[in-house]
Each structure stands twice: as C-alpha cells, then as structure tokens.
Amino acid sequence: LWRASTAAAAMKMISRRKFDLIIVMIRISDMDPLSLGKRIKEKYSKIPVILLVFDESELKQLPHPIPKSKIDRVFTWSGNANVFPAVIKFVEDRLNVKRDVKKGNVRVIILVEDSPRYYSTIMPLIYKEITYHTRNLLSKSLNDTHRQLHMRGRPKILLANTWEEAEKYYSEFQTNVLGIISDIRFTRKKKLVADCGIDFIRWVREQDPSMPILLQSTDLTHSEKAKEVNAHFLHKESPTLLQELREFILK
C-alpha cells in the first residue's frame, strides 16, 4: 500500500512501479480528481481508478454520469473501513469473473444499484456474508492451501449501474447466476426510469422463473409491484435493512 499526497507525486510513483489499483480522494491540492483520473487512464489504461467521496454534497459536485475514461467507479466512505476491502474485491471480481466462471464454474450474484452511497453500504455486507458462509462450508480436514483455494471460489459480485450493464452480466453468466439484488429506479438508454427494475426482473423471469430476486426501493408502494414479479422486497429506509438483507442471503 502506497500513499501520495499530491497528483504530481502520484504520477511519479505510477511511472516507477506497477500498481494494481488506485484510489483517489476527492480533495487533492494540485489537481481535481477527474483530471487526475483522466491522466492516469490516458497513460495506464488498464489500472482501475476508484474515486472515494465522503458524502452526498461531494457527489453533487461531480458530473453524472462520470465518464469511464476518467473514473471506473465512485464509492462513498462514511467512516466504515469495510469499504476498502469491498472496493478491492469489486475490482478483483470484475477482472477475474470470466476466467473463474469458465475454468472453475464459480457462481455470480448481480447487484443493480446506481447510488454510490447505497452500494458502498450494501457491498461490504454482502461480501462479509458470502465469506462467512463459504468458510462454514469448508471441511475441517482441509489444509490451509485447499482452504484458500475454496475461498477463492466464493461467488463473485458484479455491480451494474444501468439496465445495459445488468442485461450484459445476466446474458453472459446466466447459468451461473445465484441471485439478483436490484434497485427499482435506475438508468436505461441514458434516461432515469422509475420502474426500470420491475421491467428488468420481468425480462429475467421469462428466462428463469425460479431465480432468487430481491428488489429494493425508498418507496414502500413498490412492494406490491415486487410481488407481481415474484420477488422479495426491501425498504431502503428500514431500520432493520441490513438484518433483512442478511436473512435473504442466508435463505
């Protein structure tokens, strides 16, 4: 783990050694983070660049959507350090999923969510639950090497921000998808659609009527629509949100 206090220092470090991931904070003294992300991508296009913001006010300062030519994904850090391993696992899963599905028949969970604040909260929990249950399934007779190998075979989480991304992931890994957790309002064809999640699940149900699906929204009235497509519903503002999510994953 290496740290740079300025964009100039960061670019100098990147030129001298190989890095697997770059996390950029929004406040940099000598350059705005999007310009830094663009400069890194222009010279080192294969290095993932993640932008870390502190709250909604900082998110509002950014263009929407942020071009992938500058930043791969935005995460929100609310003081919970679990977001850092979640960022690393997110990058790993995206890079390794094709090979691991093809060679190891690894399973996939699709998360459809366009709010950085929400997926920054929910992804650490999902990873924690998956790791916990995978570890509990391991035989006590296995040695450390085989244990590590089995842990590497845990389900991958693929984060989609739009209909197009979600459709691509489902079509590509359909036979390996364990389940889908989806928001109800997100973008399709560059426009925010109120019932996009319902339409997406209807499309999925045509191909797999038994797929485990959890729909989530800040609007409680959408619970009835979730029943229509045979999906569980989770209210995002519920005080027991994380517990309900944990119970769904366990079930």
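Details of the structure are given in the entry above.
Bear in mind that the values here come from a model prediction, so they are computed numbers and not experimental data. Each chain has its residues counted from 1, following the order in which its sequence is written. Note on the predicted model: pLDDT of at least 70 is required for a residue's local features to be given, and 80 or more for side-chain atom pairs to be given and counted; whole-chain, interface and lining totals, by contrast, use all residues. The basis for every side-chain value is the complete set of non-hydrogen atoms in the structure, without hydrogens or water.

Tell me what's going on with the environment of lysine 89, and back it up with residues and numbers.
Strands are runs of DSSP state E lasting at least 2 residues, helices are runs of H or I lasting at least 4, and numbering of each runs from the N terminus. With respect to the secondary-structure elements, lysine 89 resides in helix α4 (residues 83–104). C-alpha separation for the pair lysine 89 and lysine 156, spaced 67 residues apart in sequence, amounts to 8.6 Å. We call two residues contacting when some pair of their heavy atoms lies within 4.5 Å. The contact partners of lysine 89, leaving out residues within four places of it in the chain, are Tyr127 and Arg154.

I'd like to hear about the packing of aromatic side chains, residue by residue, with values.
In this scheme Phe, Tyr and Trp rings, the latter by its six-membered ring, pair at centre separations within 6.5 Å, and the angle between planes marks the pair as stacked below 30 degrees, edge-to-face above 60, and tilted otherwise. Inspection of every chain in the model, using the stated rule, returns eight aromatic pairs. Cluster of aromatic residues (ring-pair linked, three or more members): Trp163, Tyr170, Phe200 and Trp203. Across the ring face of tryptophan 163, the terminal group of arginine 188 is positioned such that the distance to the ring centre comes to 3.7 Å. Over a ring means this: the NZ of a Lys or the CZ of an Arg is within 6 Å of the ring centre and within 35 degrees of the ring normal. Over the ring of tyrosine 118 we find lysine 236; its NZ or CZ atom is 4.6 Å from the centre of that ring.

Describe the sheet that holds strand β9 (residues 213–217), listing the residues and the values that go with them.
The five strands are arranged β5-β4-β6-β9-β10 in an open sheet whose pairing can be described as parallel. Bordering the open sheet on either side are β5 (156–160) and β10 (232–235), each of which pairs with just one other strand. Averaged over neighbouring strand pairs, the angle between their axes works out to 20° when direction is ignored. Examined bridge by bridge, strand β4 (residues 108–112) and strand β6 (residues 177–183) share five bridges and lie parallel to one another. A pair of strands is treated as paired once DSSP finds two or more bridges between them. Where helices are involved, their axes are fitted lines through C-alpha atoms of the stretch in contact, as for all axes, and angles between N-to-C directions lie from 0 to 180°.

Break down the pattern of salt bridges for me, citing the residues and quoting the values.
Any carboxyl oxygen of Asp or Glu that lies within 4 Å of a side-chain nitrogen of Lys or Arg is treated as forming a salt bridge with it. Going through the model one piece at a time under the given rule, you end up with 18 salt bridges. Where lysine 168 meets glutamate 172, a salt bridge forms, and the shortest distance between an N and an O atom there is 3.7 Å. Placement of the pair is lysine 168 and glutamate 172 together in helix α7 (residues 163–173), with a separation of four residues, close to one helical turn. Any residue under 20% of the maximum accessible area for its type is buried, any over 50% is exposed, and the rest in between are partly exposed; the area is computed with a 1.4 Å probe on protein chains only. Owing to a relative accessible area of 47%, lysine 168 belongs among the partly exposed residues under this scheme. Glutamate 172 sits in the partly exposed class, given a relative accessible area of 38%. Of the charged contacts in the structure, one is a salt bridge between glutamate 224 and lysine 227, with a shortest N-O distance of 3.6 Å. In this pair, glutamate 224 and lysine 227 both sit in helix α9 (residues 222–228), three residues apart, roughly one turn of the helix. Judged by relative accessible area, lysine 227 falls into the exposed class, the value being 59%. One network of salt bridges, in which partners are shared, links Asp93, Arg99, Asp100, Arg154 and Lys156.

Break down α4 for me, citing the residues and quoting the values.
In an α-helix, one full turn covers 3.6 residues, which means residues spaced three or four apart are oriented alike. The span one expects for a helix is its residue count, reduced by one, times 1.5 Å. Taking 1.5 Å of rise per residue, the 22 residues of α4 would be expected to cover 32 Å, yet its terminal C-alpha atoms sit only 27 Å apart, more than 12% below that figure. Here the bend at a residue means the angle between the axes of two seven-residue stretches, the one that ends at it and the one that starts at it. When the local axis directions of α4 are compared, the greatest deviation, roughly 55°, occurs at asparagine 96. Of all the residues in α4, the buried ones are Val83, Ala86, Val87, Phe90, Val91, Asp93, Val97, Asp100 and Val101. Following α4 by one or two positions, asparagine 105 has its phi on the positive side, about 55°.

Residue-level account of the pairing of β9, with values.
Counting buried positions along β9 gives five out of five residues, so the element sits mostly inside the fold. Bridging between β6 and β9 involves four bridges; their strand directions are parallel. Bridging from a neighbouring strand, serine 182 pairs with leucine 215 of β9. Handedness of the crossover joining β9 and β10 through α9: right-handed. A clockwise path from the first strand over the helix to the second, with the strands pointing away from the viewer, defines a right-handed crossover.

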